[in-house]
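Chain by chain, the residues:
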Amino acid sequence: MADRRTFNVVILGVGFLFIFTAFTTCGNVEQTVVKSLENDTFTGSGYHSLGIIYGVFSFSNLLAPAVVTVIGPKMTMFLSGLLYSGYIAVFIVPSTWSFYLTSVLIGIGAAMLWTAQGHFLVENSEASTINRNTGMFWALLQCSMLFGNLYIYLDWNGRTEISDRSRKNIFLSLLVTSILGTLSFLVLRKSNHEEEMLSEEEGRSLLSTRMMYKHRASTAMQDAKSEFKTILQLLKTKTILLLSPCMAYSGLELSFYSGVYGTCIGATTQFGEAAKGLIGISGIVVGVGEIVGGGLFGLLCKNNRFRRTSVVFLGMVVHFVAFYLIFLNIPDDAPVVLKTTTQKNPYLTPSVSIALLCSFLLGLGDSCFNTQLYSILGRVYAEHSTPAFAIFKFIQSVFAAVAFFYSGYVLLMWQLLLMIILGFTGTLCFFVVERMQNFSVDLQEY
C-alpha cells in the first residue's frame, strides 16, 4: 500500500514537472514571441492572454471541487492536461481567436488541475507522510522552471529576432513535453480509498451507473454550496481582511516575475544579441531562487511564529532591493515596446549580472511570501484550510490578472512603485495578524 502511494506521488510530481516545464516556459516567453510574429492578422497580446488565464482561474476555483468529486481526480487531471497542451499548440500556428479561446479553457483547466492535485495528494498520504509527499511533489514541480528555460537560452542566444521556424520547433518540443505529462496521469493507480468507494458503489446492484454519477453530482453540489458559505464567512473575518493586501501583493509580483520581467530583459536594446537568450537564463535563475527559498523557509521555519515574520520581512527587503536595481538597470519603456526594442536609457548601463541577480531575488522573495502565507493560513484556519487557501488563490489570481492587463501599457517605474506600496502595506498587515495570533496564544496560556 505504501509503495503504491509513493509511486502515485512520484508520478503526480513527474506529470506536473512535464506540464509546467511547457507552461512556465511558454508564459515566460510568450509576449516576446507574440511581438516577433511575422503575421499581420494576429492581434493578440501575451499579457492579455495571461490576464485571462488568471482571471478565469480565480473564478473557476469555486466550481472545480464539484467537478473533481464527480469524475475523480485522475480523469480531471488528464482532461486538464489536454487543455494545457491545446494552449501550447496554438503557438505553432497562431490565430487570435484560438489564442484567446484556449486562454479561457486553460484558466478552467488550471482550477480543475490544482484542485484535483490537492485531492489526490491527500488521498495518497497519511499524517506521517503528508510532509514528505508534499516536499517530493514541490521539489519536482519547481524543477519545471529549469529545463524549458535552458532550451530557450540555447536556442535563442545570439538571435535578435525569433524566426517562425525557431518558434515552431520550440513549441512543438513544449507540446510533446506537455502531452507526456498528461499521459503520465493515466499511469496513476487507484488509492485504497477510491477502491473502497468503487466496491461499495458496485455492490449496490440496484444502483445504475447513471444514478451513481447523479448521486455523486448531487453530493458534490451540496459540498460546494457549503464550502462557498464558509468562504463568505471567512471573508468577513479580521484575519483574512488583514492578510488580503499581502495576498494581493503576491499576485502582482507573480505576474511580474513570471511574464513581465523576462519580456523586459528581452526588449533591452543594450543587451544586444544576448537579450533573447537571457530570457531563458532569467527564468532558470528565478527557479533557483524559488527552490532555495522554498527549501530554507518552507521546511526549516514551518512551525516557528517568530521566524515567520522574519521571513516575510526578508522577502520584502529582498524584493525592494530587486525593484531598485531593476529601476536602475532596465529601461523604463521595456514592458510596453511592441515591435521594437527599448528606446529609453536607464540610469545605469544595463548589466547582465545585475539583471540575473534581480531574477534570483525575485524568486527568493516570492518563496518567502508564499511559504509564510500558506503557513499562517494553515495555522489560523486548521479546521477550514480548504476555503482559506481558496480565498488566497482567488485574491492572488485576480490581482495577477489585473497586473497582466496593465503591464503592456504602464511604464516600468510605475509598476515597480505600485508593487513597493502594496508590498509594504501587505508586510505590515502580516505583522499585525502575527501579533494577534501571538496575543491570543498568550491569553490561552494565561
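Naming follows an unreviewed UniProt entry, where the chain appears as UNC93-like protein MFSD11 of Lates japonicus. Per UniProt, the chain carries the Sequence similarities (unreviewed entry) text "Belongs to the unc-93 family." The UniProt entry for the chain carries the following comment under Subcellular location (unreviewed entry): "Membrane".

1. Description of the packing of aromatic side chains
The geometry of an aromatic ring pair comes down to the distance between the two centres and the angle between the two planes. Summed over all chains, the structure comprises 24 aromatic pairs. Ring geometry for F320 versus F323: centroids 6.4 Å apart, planes at 35°, classification tilted. With F320 and F323 both in helix α13 (residues 305-329) and three residues apart, this pair spans about one turn of that helix. What makes F323 buried here is its relative accessible area of 1%.

2. Re the nonpolar core
Counting residues in hydrophobic clusters, the biggest one holds 104 residues, and the most contacted among them are F16, M77, F171, F256, Y261 and I326. Here this core gets 14 residues from one element, more than from any other, and that element is helix α11 (residues 238-267). Ignoring any residue separated from it by four or fewer positions in sequence, one finds M77 in contact with L12, F16, L113, A116, Q117, F120, F185 and L188.

3. Brief notes about the packing of helix α3 (residues 64-71) against helix α4 (residues 73-90)
The interhelical angle for the contact between α3 and α4, taken along N-to-C directions, is 120°, at an axis separation of 7 Å. In terms of their interaxial angle, α3 and α4 are classed as oblique. Between α3, through V67, V68 and I71, and α4, the contact on the second element is made entirely by P73, M75, T76 and L79. When the residues that make up the contact of α3 with α4 are grouped by side-chain class, the tally is six nonpolar, one polar and no charged.

4. Things to note about a nonpolar patch on the surface
Taken together, the side chains of F59, L62, L63, F228, L232 and L235 present a nonpolar region at the surface, about 550 Å² in accessible area. The biggest single contributor to the nonpolar patch is helix α10 (residues 209-235), with three residues. Its place among the elements puts L235 in helix α10. Residue L235 is classed as partly exposed on the basis of its relative accessible area of 35%.

5. Some details on the environment of V90
Along the chain, V90 falls in helix α4. Remark: the alpha-carbon pair of V90 and T102, spanning 12 residues in sequence, is separated by 7.9 Å. Excluding residues that lie within four positions of it along the chain, V90 makes contacts with S98, F99 and T102.

Scoring rules and cut-offs
- Residues numbered from 1 in each chain as written.
- Predicted model: local features only at pLDDT ≥ 70, side-chain atom pairs only at ≥ 80, totals over all residues.
- Heavy atoms only, no water.
- UniProt positions renumbered as here; feature names shortened; annotations may be inferred.
- Phe/Tyr/Trp six-rings, centres within 6.5 Å; stacked < 30°, edge-to-face > 60°.
- Helix = DSSP H or I, 4+ residues; strand = E, 2+ residues; numbered from the N terminus.
- Buried < 20%, exposed > 50% of the residue type's maximum accessible area, 1.4 Å probe, protein only.
- Core = buried A, V, L, I, M, F, W, Y, C linked by side-chain atoms within 4.5 Å.
- Contact = heavy atoms within 4.5 Å.
- Axes fitted to C-alpha atoms, helices over the stretch in contact; angles between N-to-C directions.
- Parallel < 35°, antiparallel > 145°, perpendicular 65-115°, else oblique.
- Nonpolar A, V, L, I, M, F, W, Y, C, P; charged D, E, K, R; others polar.
- Patch = residues over 30% accessible without salt bridge, like charges linked within 9 Å, V, L, I, M, F, W, Y side chains within 5 Å.
- Areas by Shrake-Rupley, 256 points an atom, 1.4 Å probe, with all protein chains shown as cover.
- Salt bridge = Lys/Arg side-chain N within 4 Å of Asp/Glu carboxyl O.

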